[in-house]
Each structure stands twice: as C-alpha cells, then as structure tokens.
Number of protein chains: 2
Amino acid sequence: MKKYGFGVDIGGTTCKIGLFETAGQVVDKWEIPTDTSAQGTNILPDIAASLLEKLKEKGISKEEIEGIGIGIPGPVDGNGLVPMCVNLGWKDVDVPKEMQSLMEGIPVKAGNDANVAALGEMWQGGGKGCQNLVMVTLGTGVGGGIILHGQIVAGANGAGGEIGHITVNPHESIACNCGRKGCLEQYASATGITRLAKERLAKEHETSLLDQSDEISAKAVFDAYKQQDKVAQEIVEKFARILGSALSNIACVADPEVFVIGGGVSKAGAPLIEAIEKYYREAAFSSCIDTRFALAALGNDAGIYGGVKMILE
Amino acid sequence: MKKYGFGVDIGGTTCKIGLFETAGQVVDKWEIPTDTSAQGTNILPDIAASLLEKLKEKGISKEEIEGIGIGIPGPVDGNGLVPMCVNLGWKDVDVPKEMQSLMEGIPVKAGNDANVAALGEMWQGGGKGCQNLVMVTLGTGVGGGIILHGQIVAGANGAGGEIGHITVNPHESIACNCGRKGCLEQYASATGITRLAKERLAKEHETSLLDQSDEISAKAVFDAYKQQDKVAQEIVEKFARILGSALSNIACVADPEVFVIGGGVSKAGAPLIEAIEKYYREAAFSSCIDTRFALAALGNDAGIYGGVKMILE
C-alpha cells in the first residue's frame, strides 16, 4: 500500500477534494468550483489540475499515490461508467478511463456519491469497525448507501440503496419528484417533515411553539420536539413511525450491523435517533430487533473519506 | 480446482446430497433420513458416513474433493455457525468445524438453505450468468435468498433475504407465524393465497370454478385463473399486487439483475410470473423498471447445487 490517496466528491456546485494518508488521516482538504458549462467537459480536467498542483505543493510524487476515488451525484455502474448525470451535464462518461489518462496512469475508481459516503462512514465514521451497514441520508431528499461485506452495493441499474423511493404509502395523492406516489422521501426528508408539520398545523391543534415559528422547517420541528411540544411530538412520531418501519423492512433484505443516520436532519442528534429506533424496534423482525443505530460522524467529508476507501480495496 | 464437490441440503425430514463435478454436472444424487433425535447429534455423522461410502462406491479419493457445502434450515452466520436450529434440535453447532473433522480435513462451508438455493439458481438455474439476484421461494411460507457480487447476503443476524417478513400491511389483524402482523408471507405464500381465496369466496361473488373445488388451494386458484375465472383473477391480482409491490421496494435496496421465483406456487409457471411482473412494473422506481423475472429451474435440487457453488469460491 502506497502512502497517500485522493478522495473527490463531485457536487453540482463544488468539488470537495481530500488528500489522505491511506492509513486514514486527512493531510489536506479543499474545494474547487464545479464547471458545468460545455456538458461538464471541464470538470475532470479541473480536478486533475488541482490534484497535480497539490502534489507539487506538498512535494509528493505520483509514485506515492495509491489511487483516486471519486463520488458522482448520479448513477454509476460497477466499472465507474456514468450513463447520465443531469447535475453535471454528463452523458456516457468513463470516469476511471478519462481521469486516469489525465493523471498519468494513477488508478481511479468512481461510485455514486451516496454509496461512497456510506463507505466513508464505514471506514472512519459512524459505522467504523463494521462490514455491513445501511446509511440513510435525511436531507432535501432521502438518500441511501448500502455496504455489504465491505463493498458498495451499486446494483444492476445503479439503484442499490435508493431507499428514498421505497413506497411506504400506496394511498398518497401527491407525487414524489420521481413521479410515483408515496415514496419514503415524501415523509422522511427535511422537505417531507416540513410537509407533515404543515399538514398537522393546518388541522385543529393545541397551542404549539411551531405557531410562532417564522418558517416551518424540519429544524423548527425538532427544536420544538426537544422542548416537549405536543404538536411537534405528534409530527416527529409520525415521521419516525414511517422511517422506522421502512428500515425494519430494509433489515429483512440486507440485515446490516448498523444503520448510520446522516444528512441535515441528523443535526437533531440523539433525540432523532431515539425516535427512529423506538419505531424500528416495534416493527422489526425478531432476528434484527437489536440492530444498532448511529449518527453519521463525518458530515460533508464522508464522500472524500469514502473515495479514498474505494481505492484501498 | 479439484474435480469433485459435495452439496448437502439438510431438511427436517431428509437430507438431500449431491456429488458434482466442480464444472457443474451432477454425478449422483440421493437422500438420507434426517435423524433429529438426541438434539440432532447424529445428523452430521450420518451425512459424513454417507459421503465416505459414496466416495468408496465411486472409487474417488478424498484428495479429489474440493469441499462440501451444506444448507441448513435456519440462521447461519458468516462463518457457518448455527446458533439455533429448531427443526434439527441444534444449538451452537459449528458445522464447518464438526463436519471437517468427520471428513478428515475436507473443507466445509455452511449457509442458510434459502440463501444456498439462491446461489444454486445463480450457478446453474434461473439466474445463470448473473452475479446479483433475489430469489423468492413461494411455498408454505415465503423465503428469500439474496446474492450480490456473486456472494450470499447472510446478514449480520442471519436475516439477510428474510423477505417473507417484510411488513406489507400494517392494518392486518391476524398474526403471522413470526408473531408480527401484515408480513408478505401472509399473502404471497401458498397458505396466504389460500387465505385470500377463502376470504374472497366468503363474500358475494359470481359463479366460480373455485365453488366446485373440493379444497381451496393456491393450485386450485391458479388452475381457475388459467381458465379466465373472474374470481380467481381477482385473487391472483391481489396476490400479485402485494408481491410485485414488495419486490419493487426490494429493488430500491438490492437492485438485482433478476428476480428468480421458485417454490411450490411457482409450478403455476408463466402466468404467475406475468402477473407478478405486471404489478412490479407498475410500482417500480424508474431505474429498476426493466428488471428481469425468471422461474427457478432447479426445483428441489437448488440447495445441493448451491452447496457445491459455495465451496468453489
């Protein structure tokens, strides 16, 4: 094993980059803008230039680099090919091949960003020490990443871990962004929690801290929940019942050692985890009833950690 | 790779055994009774005696055997340990260790029978050529086996692929064998289909072939369905909607290349697959909408095939 590796997390606005020792320590991390003009053709060259500059700055030779692992905001097949990535303007991009030629032969791997983040959390985060985990990212949407036997489950169609689109309510009348109705994401994302809150507040209710909120948001709901606000408790319980029950079904498929909960909503911390755990255990199949829950520990850096971990295999 | 391997499928009544060439051909297959007396302590010695006798009969030396792969009717951890197997009377049995010592050092692996059968179908059956599949066994219950990257997903608690216990109806009032309510198994097993049929026939309905059946069974339902019986169509559609929708959720987790449908109910053949597929595609997330469905091809031999495949890795 060589001494260093790069992890890159390409987003629609910025690319996060980390230089790591392959033993796990960050040496340096930084960001560059993502240039989505010209069908995103500048993105990989810009990253390559930034990596080469960093090597020069640190006096590290290319021979000391084990590889480069890259997370992409869209589906990626098992060979690192990106058939289509709307956020970057890409179509049929062979990330390992293009990047490797830009980096004079340094090995490159690529994966879906949510899956790569899950791998990062397994390596140095909330799932450290595990080989089997399900990461749940509660942000604007609900993302997921599944690691089994220490490997990303990319899926035959790049849809491995797309748990936000599990149908949890066949009777829903409002459509999800994916076009279907009743997806987990419609209830368990920050947007979903806000919707549950607005629906509840529109009905008759006792006085709530949320009545005085300037803006109803997932954060406002959890802030009120922590102050034992009754209405916020109802909202959080509805959210937690839906999510906990969906995770109990995922356990009947993948049976992970741990569920790692991340994303913006996870800033609510331990009370969030406790609420999800409660409803998970009520719903779970007996063999999986004790599955552990953990908060994600790497925040926005999970992707660069996971990128490095990808090339260590 | 040595020339031969053994696959063993231990059931509560009989053990199925196969001698295979490791290239995939069956050389011989046979059964012995499962002796569950004395906490099942005779089971592994009986199997070992039968294997040694077969080697003698065929004039094959132990040095020509790659290994022995064994399917167990209960949870098995990643190392082949069986914490508890009610059907066999076992508690804390280290199958590879015990069997290996009985077989004078031939390597032994063990796995849960449903998972091992899935591996068999991947190797030489309905999923041949795939590395990622979900096998669904529609029998008295609903079993499942998941293979990703060519490996069994055993799960942290041996519950990988326990898809029969996914909750599909939180409003169910009748309990499943597992003690919870609304499990997939309550609707999609042979028993479940029979129940759906009896419930439907108890309500007002137009004349049906099922009215003349001596016994309502899944087979009777599918026989009537194939003759365009309206009531049978309603029952099959309800079953297929529940199962197809559950499989669409599994696709958002594991995203397999193919769903392989086996078990007694699968004898209904192509019309069964078509019904499940129809509702799967209606419910599926866009990326997985074209996932293939196939009938299991190995029948009761899937377990012995999978046993051999286990030891080839």
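Provided above is the structure to which this section pertains.
None of these values were measured; they are calculated from a predicted model.

The subject of this paragraph is the packing of aromatic side chains. Per the stated rule, a full pass over the model turns up 16 aromatic pairs over all chains. Here the aromatic rings of Phe20 of chain A and Tyr305 of chain A are separated by 4.7 Å at their centres, their planes lie at 75°, and the arrangement is edge-to-face. With Phe20 of chain A in strand β2 (residues 14–21) and Tyr305 of chain A in helix α9 (residues 302–311), this residue pair connects regions lying 285 residues apart in the sequence. The same class applies to Phe20 of chain A as to Tyr305 of chain A, namely buried. Centre to centre, the rings of Tyr280 of chain B and Phe293 of chain B are 5.1 Å apart; their planes meet at 65°, and the pair counts as edge-to-face. Of the two residues, Tyr280 of chain B sits in helix α8 (residues 270–283) while Phe293 of chain B sits in strand β12 (residues 292–295), which places them 13 residues apart along the sequence. Like Phe293 of chain B, Tyr280 of chain B is buried. Feature note: the residues Phe20, Trp123 and Tyr305 of chain A constitute an aromatic cluster, connected by ring pairs. Sitting above the plane of the Trp30 of chain A ring, Lys54 of chain A keeps its charged end 4.2 Å from the centroid.

Below, the discussion takes up the relation of the copies chain B and chain A. Copies of the same chain, two in number, are related to each other by a rotation about an axis and a translation along it. The two copies are related by a screw motion: chain B maps onto chain A through a turn of 180° and a shift of 0.0 Å along the axis, at an RMSD of 0.0 Å. When the rotation and shift are considered jointly, the pair of chain copies conforms to a two-fold rotation axis. Most of the interface of chain B is mirrored in chain A: 100% of its interface residues are interface residues there too.

A word on α9 of chain A. Of all 10 residues in α9 of chain A, 10 are buried, a share of seventy percent or more. Among the residues of α9 of chain A, those classed as buried are Ala302, Gly303, Ile304, Tyr305, Gly306, Gly307, Val308, Lys309, Met310 and Ile311 of chain A.

Residue and element names in this part refer to chain A. You can see Arg200 is positioned in helix α5 (residues 190–202). By relative accessible area, which is 18% here, Arg200 ends up buried. A distance of 3.0 Å separates a polar atom in the side chain of Arg200 from the backbone oxygen of Glu204. What Arg200 contacts, discounting residues up to four positions off in sequence, is His205, Val231, Glu234 and Ile235.

All names here are of chain B. One open sheet accounts for 5 strands, arranged β10-β9-β8-β11-β12; its pairing is mixed. Bordering the open sheet on either side are β10 (151–152) and β12, each of which pairs with just one other strand. Inspection of the sheet shows strand β9 (residues 142–148) paired to β10 by 2 bridges, in the antiparallel sense. Within the sheet, the bridge partner assigned to Ile147 lies in β10 and is Ile152. Its contacts with the sheet place helix α3 (residues 113–124) against β8 (133–138), β9, β10 and β11 (258–262), and it is angled at close to 55° to β9.

Criteria and thresholds
- Residues numbered from 1 in each chain as written.
- Chains lettered and ligands numbered in written order.
- Predicted model: local features only at pLDDT ≥ 70, side-chain atom pairs only at ≥ 80, totals over all residues.
- Heavy atoms only, no water.
- Phe/Tyr/Trp six-rings, centres within 6.5 Å; stacked < 30°, edge-to-face > 60°.
- Helix = DSSP H or I, 4+ residues; strand = E, 2+ residues; numbered from the N terminus.
- Buried < 20%, exposed > 50% of the residue type's maximum accessible area, 1.4 Å probe, protein only.
- Lys NZ or Arg CZ within 6 Å of the ring centre and 35° of its normal.
- Least-squares fit on C-alpha atoms with pLDDT ≥ 70 in both.
- Contact = heavy atoms within 4.5 Å.
- Polar contact = N/O pair within 3.5 Å; in protein donor to acceptor, adjacent residues only side chain to side chain.
- Pairing = 2+ DSSP bridges.
- Axes fitted to C-alpha atoms, helices over the stretch in contact; angles between N-to-C directions.

Distances and angles like these do not, on their own, reveal function.
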